[in-house]
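Close look at the chain arrangement
Listed here are the chains, written in short residue letters.
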Amino acid sequence: MFDLNKIRNDFPILKEKIYGKNLVYLDNAATTHKPQVVIDAIVEAYTKFNSNIHRGNHFLSEICTQKYEQARQIVQKYINAVSSKEIIFTKGATESINLVANSFASFLNKDDEVIVSAMEHHANLVPWHILSNNKGIKLKIIPMNSNFELDLTQFENLFTAKTKLVSVVHISNTLGTINPIEKIIKTAHSKAVPVLIDAAQSIQHKKIDVQKLNCDFLAFSGHKIYAETGIGVLYGKQSMLEKMSPYQGGGDMIKDVSYNSTEYADLPFKFEAGTSNYVGAYSLGKAIEYVENIGIENIELYEKELFEYAFDKLSKIEGIDIYAASKENRISSLSFNVKGVHHLDIGTMLDKFGIAIRTGTHCTQPLVNSFGQTGTVRASFAFYNTFEEIDFFIESLKKVIEMFK
Amino acid sequence: MNTIEEIQNQIIEEFSMFDDWMNKYEYLIDLGKNLEPLKDGLKKDDFLIKGCQSRVWLVPKFENGRLFLSADSDAIITKGLASLIIRIFDDKTPEEIMNADVFFVEQIGLSQNLSPTRANGLASMIQSIKHYAEAFKTKN
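Calculation rules
Residues numbered from 1 in each chain as written. Chains lettered and ligands numbered in written order. Predicted model: local features only at pLDDT ≥ 70, side-chain atom pairs only at ≥ 80, totals over all residues. Heavy atoms only, no water. Helix = DSSP H or I, 4+ residues; strand = E, 2+ residues; numbered from the N terminus. Rg over C-alpha atoms; globule rule 2.2 N^0.38 Å. Buried < 20%, exposed > 50% of the residue type's maximum accessible area, 1.4 Å probe, protein only. Contact = heavy atoms within 4.5 Å. Areas by Shrake-Rupley, 256 points an atom, 1.4 Å probe, with all protein chains shown as cover. Lys, Arg positive; Asp, Glu negative; His and termini not counted. Charge placed at Lys NZ, Arg CZ, Asp CG, Glu CD. Salt bridge = Lys/Arg side-chain N within 4 Å of Asp/Glu carboxyl O. Expected span 1.5 Å × (residues − 1). Buried area = accessible area lost by both parts, 1.4 Å probe. Polar contact = N/O pair within 3.5 Å; in protein donor to acceptor, adjacent residues only side chain to side chain. Phe/Tyr/Trp six-rings, centres within 6.5 Å; stacked < 30°, edge-to-face > 60°.

Quick notes on the overall build of chain A
- Scanning chain A for helices and strands turns up 14 helices and 17 strands.
- At 22 Å, chain A has a C-alpha radius of gyration in line with the 22 Å of a compact globule built from 405 residues.
- Burial statistics for chain A: of 405 residues in total, 58% are counted as buried.
- Counting contacts in chain A only where the partners sit at least 6 residues apart, residues at least 24 apart contribute 72% of the total.
- Of the accessible surface of chain A, which amounts to about 16,400 Å², a share of 50% is contributed by carbon and sulfur atoms.
- Positive and negative side-chain charges of chain A, numbering 43 and 46 respectively, have mean locations separated by a distance of 2 Å.

Thoughts on the pattern of salt bridges
Residues and elements named next belong to chain A.
- According to the stated counting rule, one finds 24 salt bridges over all chains in the structure shown.
- A salt bridge links Asp-27 to Arg-378, with the shortest nitrogen-to-oxygen separation between them at 3.4 Å. With a gap of 351 residues between them, Asp-27 in the loop between β3 (24-25) and α2 (36-49) and Arg-378 in strand β17 (residues 376-380) connect regions that are remote in the sequence. Grouping residues by exposure puts Asp-27 and Arg-378 together as buried.
- Note that Glu-300 is salt-bridged to Lys-206, the shortest N-O span being 2.7 Å. Note that Glu-300 is positioned in helix α11 (residues 296-315) and Lys-206 in the loop between β8 (195-198) and α8 (210-213), a separation of 94 residues in sequence.
- Via salt bridges that share partners, Glu-69, Arg-72 and Glu-272 belong to a single interconnected network.

Some remarks on α2 of chain A
All names here are of chain A.
- With 14 residues, α2 extends 19 Å from end C-alpha to end C-alpha; this agrees with the ideal 20 Å at 1.5 Å per step.
- Listed in full, the buried residues belonging to α2 are Val-38, Ala-41, Ala-45 and Phe-49.
- Among the structural elements, α3 (59-79) and α10 (278-294) are those in contact with the buried residues of α2.

Here's the deal with the interface of chain B and chain A
- Facing 18 residues of chain B, the contacting portion of chain A comprises 16 residues.
- Of the roughly 1,400 Å² buried at the junction of chain B and chain A (both faces included), carbon and sulfur atoms supply 69%.
- Counting the surface chain B buries against chain A, the share from its top three residues, Trp-21, Met-22 and Gln-53 of chain B, is 36%.
- The tally of links from chain B across to chain A stands at five residue pairs in polar contact (both at pLDDT 80 or more).
- Among the elements of the structure, α2 (21-34), α3 (76-89) and α6 (111-114) of chain B are those that each provide at least two residues to the side of chain B that touches chain A.
- Per-element accounting of the side of chain B that touches chain A gives the leading share, six residues, to α2 of chain B.

Topic: the packing of aromatic side chains
- Enumeration according to the criterion identifies 27 aromatic pairs over all chains in this entry.
- Here Tyr-19 of chain A and Trp-21 of chain B contribute two aromatic rings whose centre-to-centre distance is 4.5 Å and whose plane-to-plane angle is 80 degrees, an arrangement assigned as edge-to-face. Residue Tyr-19 of chain A is located in the loop between β1 (17-18) and β2 (21-22), and its partner Trp-21 of chain B is located in helix α2; the two belong to separate chains.
- The interplanar angle of 0 degrees and the centroid separation of 3.8 Å between the aromatic rings of Phe-62 of chain B and Phe-136 of chain B together place this pair among those described as stacked. Here Phe-136 of chain B lies in helix α7 (residues 122-139) and Phe-62 of chain B lies in strand β2 (residues 56-63), a separation of 74 residues in the sequence.
- Accessibility expressed as a relative area gives 14% for Phe-136 of chain B, which makes it buried.
- Three or more aromatic residues joined by ring pairs make a cluster, and in this case those are Phe-2, Phe-11, Tyr-226, Tyr-290, Tyr-302, Tyr-309, Phe-383, Tyr-384 and Phe-387 of chain A.

The structure is reproduced here in structure tokens:
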């Protein structure tokens with residue numbers, strides 16, 4: 001059952017006062033807050049079973065390893081991966097994508113092509129730029145139409161014999177556009193090209209089933225789904241991961257080491273060099289259980305209502321430009337500008353009302369520049385936000401606009 | 001002619017007349033609106049301060065051993081801050097600027113909000129002015 005009062009009580013930070021005012025947190029695309037069960041889990045881990053995993057043969061190490069592996073299974077079930085071997089713990093979505101870029105690189109030669117979209121976060125652009133500088137690979141961009149949606153006809157035309165990977169964002173962190181990844185994956189597979197999905201902005205809003213999607217890789221961050229910072233996931237099909245070389249070398253990822261050579265450990269450990277963020281993983285498991293108790297479908301329904309409510313109210317403000325896809329293809333992140341008022345000025349003053357939003361290019365500079373802006377104001381929602389908060393945001397925004405007239 | 005220290009003290013006193021943040025911001029916004037815009041020809045990349053969320057142009061001119069400043073920004077609050085910075089550093093010698101201690105930010109009661117972050121460009125403006133002063137001094 002979706003009980004908003006109970007949910008809000010689960011997130012202690014929502015009771016904080018900002019300049020003496022109630023916090024209205026609409027920066028959820030940047031990071032989400034943590035429910036008490038997640039905060040308690042972090043304390044519990046350090047209070048009850050902290051010990052390094054996978055190598056100690058003592059009691060606490062055994063417990064800690066169990067908790068870490070249980071978290072892996074929770075993630076596996078949540079995204080419906082075939083095996084927990086397909087779940088690699090990383091620092092976050094950024095590291096997950098970098099892992100693929102680095103380890104997949106051995107299959108790439110000069111002039112090979114990777115397809116990304118016009119709405120990628122810098123985390124799904126810069127790793128490929130590095131490969132482009134170091135190996136001479138080429139990037140191809142799926143263009144966006146005037147409706148802030150990807151142009152799939154153009155997408156089909158981008159494939160050549162040199163196309164080796166498609167790497168696209170599921171939900172745009174800037175526009176909230178939900179991209180048709182099912183079609184993108186089908187198209188790419190029909191040309192025998194694997195697909196990486198950046199799910200950093202979708203894992204917390206929509207049900208993700210990697211088997212149904214049939215994606216080859218999927219990346220997300222724990223902190224965007226109510227877990228601790230510094231933990232993330234790379235899902236990879238076992239067959240893909242087995243072909244790939246490790247991303248980093250070190251402890252925990254080996255079977256046998258001599259002075260001159262290393263035999264790598266099996267999946268998933270091959271990709272987890274060094275001491276893993278086991279407390280972060282434990283917190284991610286707890287966060288996912290929390291989300292599952294409420295039901296991701298319930299969360300999505302409510303967040304969609306919040307988005308459309310805010311969209312309708314916002315669109316009635318004079319001089320507003322909203323950058324959003326058609327109604328059925330948008331959720332969670334709402335970007336706009338007000339004619340004649342700089343986005344930074346709006347953000348600075350909304351902050352004084354206790355409202356946290358983000359301004360600027362949101363790590364999608366090429367995207368924002370492509371529709372002729374130097375930045376936008378972005379409000380992004382989570383299921384603990386209320387319609388009253390959106391009313392207050394709209395009223396405050398109107399006051400702010402008045403100040404700059 | 002007031003010193004850099006004296007002007008900062010004047011600014012602190014002006015801001016102390018407003019007890020409410022909102023009024024302080026309204027004052028800053030007014031300062032921004034009243035700052036004479038740069039001519040378009042001067043809004044060029046040479047004068048653009050990088051790394052700010054708003055675009056800030058800061059134009060130095062040296063005459064008779066003194067630095068004269070004009071500035072503009074596409075964000076009004078940043079422009080208000082630029083107008084304070086110009087008031088403090090305009091028509092000063094490179095030595096005065098290089099040795100200046102900038103303390104008004106903490107004392108106008110907005111430091112929590114106006115802490116020299118990247119976003120509002122305040123720190124970059126001060127840094128650029130000090131660089132201009134240093135470059136001028138080395139050249140002459």
